[in-house]
Amino acid sequence: MSKNNRILVTGAGGFIGGHLVKAFCRDGFEVRAVDIKPLSEWYQLFPDAENLTLDLKSLDACRQATDHVALVYNLAADMGGMGFIELNKGACMLSVLINTHLLIAAKDSGVERFFFSSSACVYNGDKQKDWNVTALKEEDAYPALPEDGYGWEKLFSERMSRHFREDYGLITRMARYHNVYGPQGTYQGGREKAPAAICRKVIEAKLSARPEIEIWGDGQQTRSFMYITDCVKGSRMLMESDFADPLNIGSSELVSINQLVDIVEDIAGVKLERRYNLSAPKGVNGRNSDNTLTRKVLGWEPSTSLRDGLELTYHWIYDQISENRLLEMGAATAIKPPRRLKETVLR
Ligand code: NAD
């Protein structure tokens, strides 16, 4: 990939987009970073990149974003963990406007390659009913029965990316990410995913000396989780490859949610009483990534162990929570007038 090629990263103010911008800036590429959020809310901001706030649901904004760009990494989406996607199906489906308009603008402005961040949520739900799941191969997306809302939008946009390649010659690449986690990701506010949510809950229990944790579902549901550096590496390798069909980019280290909690408790040095919330959103019973095709195409697969990745993630979230608590305490003492002053004012 030539360094004269400008790279557009959309969703750059979010988790994966921010890490991609970081990697491209570090490697000396010219980067345009775009997100709908004001720059003050971006998870990571790099002065070497051209940073723009644009709503990519609009075609005009997509034309501005793709102007004089050779490569597009499309990470923009209105999404979150199970708690968000199960309760915001309409909002998730509206991301189709981002994907549609960005593909049109990329085709019209002569973009060379277009990367689409799809998801394991495209896979047929009937193949994910058992927690003792058979890992999902790329062909398991059809016959189509994806996650309602978010998964349908991803499957449709994969299909659209394919047809833009077939009909208009735009080279498209599609990664099916399986749960990505790591530092600089969402860990609170309702859009966080299981690894960050569990780290946060364990940290809060530890800091407040209340030794209990709420777990969504019965804790037996199984998943695999990919560390962010593997995600960035796999995405770049897929973009540079000759492979045109959707490809799993995910870890194949399967754990139950209970085992995930065990690992985080071990890192934190605590043991918590578990309360299972059976009415909370929990997604499918089991999901894992079959990496046979990924290994064949890329000669690689994610290799960061869950324990190692969680250790780094836990400590990052711990620092954020501790810092926020200090800021809140500082703000409280700064705003609250000293008792004597208050009395003086009242008199
Ligand atoms: P994220 O929410 O951290 O980042 C997405 C970014 O897109 C956000 O910063 C958001 O503000 C931005 N965005 C939303 N609407 C926009 C718009 N109209 N115009 C411009 N920007 C807009 O999510 P993430 O975890 O970094 O995920 C990135 C991509 O990877 C998404 O497409 C997501 O569906 C996909 N994906 C992520 C995971 C995961 O586990 N994180 C798994 C599968 C697929």
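These numbers were taken from a predicted model, which means no experiment stands behind them.

Colleague: Please give an account of the side chain of Gln221 that cites residues and values.
Modeller: One can find Gln221 in the loop between strand 8 (212–216) and strand 9 (222–224). For Gln221, a relative accessible area of 5% corresponds to the buried category.

Colleague: Which residues make up helix 2 (residues 59–66), and what are the values?
Modeller: Regarding helix 2, the residues found buried are Ala61, Cys62, Ala65 and Thr66. Angularly, the buried residues of helix 2 cover 125° about the axis, an arc narrow enough to put them on a single face. If you follow the buried residues of helix 2, they end up packed against strand 1 (7–10), strand 2 (31–35), strand 4 (71–74) and helix 5 (95–108). With a side-chain oxygen positioned 3.3 Å from the backbone nitrogen of Asp60, the residue opening helix 2 is Ser58. A positive phi of about 55° marks His68, the residue just after helix 2.

Colleague: Account for the site of the ligand, with residues named and values stated.
Modeller: Near the ligand there are 26 residues, and of these Ile16, Asp35, Asp55, Tyr150 and Val180 occur at the shortest range. The backbone of Leu54 places a nitrogen or oxygen atom 3.5 Å from a nitrogen atom of the ligand. A distance of 2.9 Å is found between an oxygen atom of the ligand and a side-chain nitrogen or oxygen belonging to Ser117. Burial of the ligand by the protein chains amounts to 94% of its free accessible area of 820 Å². Elements with a minimum of two residues in the shell around the ligand: helix 1 (15–26), strand 5 (113–119) and helix 6 (150–168). Broken down by element, the residue count for the shell around the ligand peaks at 3 residues, all from strand 5.

Colleague: Give me the pairing of strand 5: which residues, what numbers.
Modeller: Of all 7 residues in strand 5, 7 are buried, a share of seventy percent or more. Residues of strand 5 alternate between two faces, with Arg113, Phe115, Ser117 and Ser119 on one and Phe114, Phe116 and Ser118 on the opposite face, all of them buried. Looking at chain direction, strand 4 and strand 5 are connected through 4 bridges and run parallel. If you follow Val72 over to strand 5, its bridge partner there is Phe114. For strand 5 and strand 6 (residues 171–177), the ladder comprises 7 bridges, and the chain directions are parallel.

Colleague: Describe the packing of aromatic side chains, naming the residues involved and giving the relevant values.
Modeller: Counting across every chain of the model gives 8 aromatic pairs. Relative to Tyr168, the ring of Phe164 has its centre 5.0 Å away and its plane inclined at 70°; by these criteria the two rings are edge-to-face. Residue Phe164 and its partner Tyr168 are both found in helix 6; the two are separated by 4 residues, about one turn of the helix. Exposure remark for Phe164: the relative accessible area of 11% places this residue in the buried category. Note on Tyr187 and Trp316: the rings are 5.7 Å apart at their centroids and 90° apart in plane angle, and the pair reads as edge-to-face. With Tyr187 in the loop between strand 7 (180–181) and helix 7 (194–208) and Trp316 in helix 11 (residues 306–335), the pair connects residues that are 129 residues apart, well separated along the chain. Of the residues examined, Tyr187 reaches a relative accessible area of 8% and is grouped as buried. A relative accessible area of 18% places Trp316 in the buried class. Of the aromatic side chains, those joined through ring pairs into one cluster are Phe24, Phe29, Tyr73, Phe115 and Tyr177. The cationic tip of Lys107 hangs over the ring face of Tyr168; the distance from NZ or CZ to the ring centre is 4.8 Å.

Colleague: If you had to explain the environment of Arg236 to someone new, which residues and values would you point to?
Modeller: The residue Arg236 is located in helix 8 (residues 228–240) in this model. By relative accessible area, Arg236 is classed as buried at 14%. Residues Arg236 and Ala23, spaced 213 residues apart in sequence, show a C-alpha to C-alpha distance of 9.9 Å. When near neighbours in sequence (up to four residues on either side) are disregarded, Arg236 contacts Leu20, Ala23, Phe24, Arg26, Asp27, Phe29 and Tyr73. A polar side-chain atom of Arg236 sits 2.9 Å from a polar atom in the side chain of Asp27.

What counts and how
Residues numbered from 1 in each chain as written. Predicted model: local features only at pLDDT ≥ 70, side-chain atom pairs only at ≥ 80, totals over all residues. Heavy atoms only, no water. Helix = DSSP H or I, 4+ residues; strand = E, 2+ residues; numbered from the N terminus. Buried < 20%, exposed > 50% of the residue type's maximum accessible area, 1.4 Å probe, protein only. Arc of directions from axis to C-beta. Contact = heavy atoms within 4.5 Å. Polar contact = N/O pair within 3.5 Å; in protein donor to acceptor, adjacent residues only side chain to side chain. Near = heavy atom within 4 Å. Areas by Shrake-Rupley, 256 points an atom, 1.4 Å probe, with all protein chains shown as cover. Pairing = 2+ DSSP bridges. Phe/Tyr/Trp six-rings, centres within 6.5 Å; stacked < 30°, edge-to-face > 60°. Lys NZ or Arg CZ within 6 Å of the ring centre and 35° of its normal.

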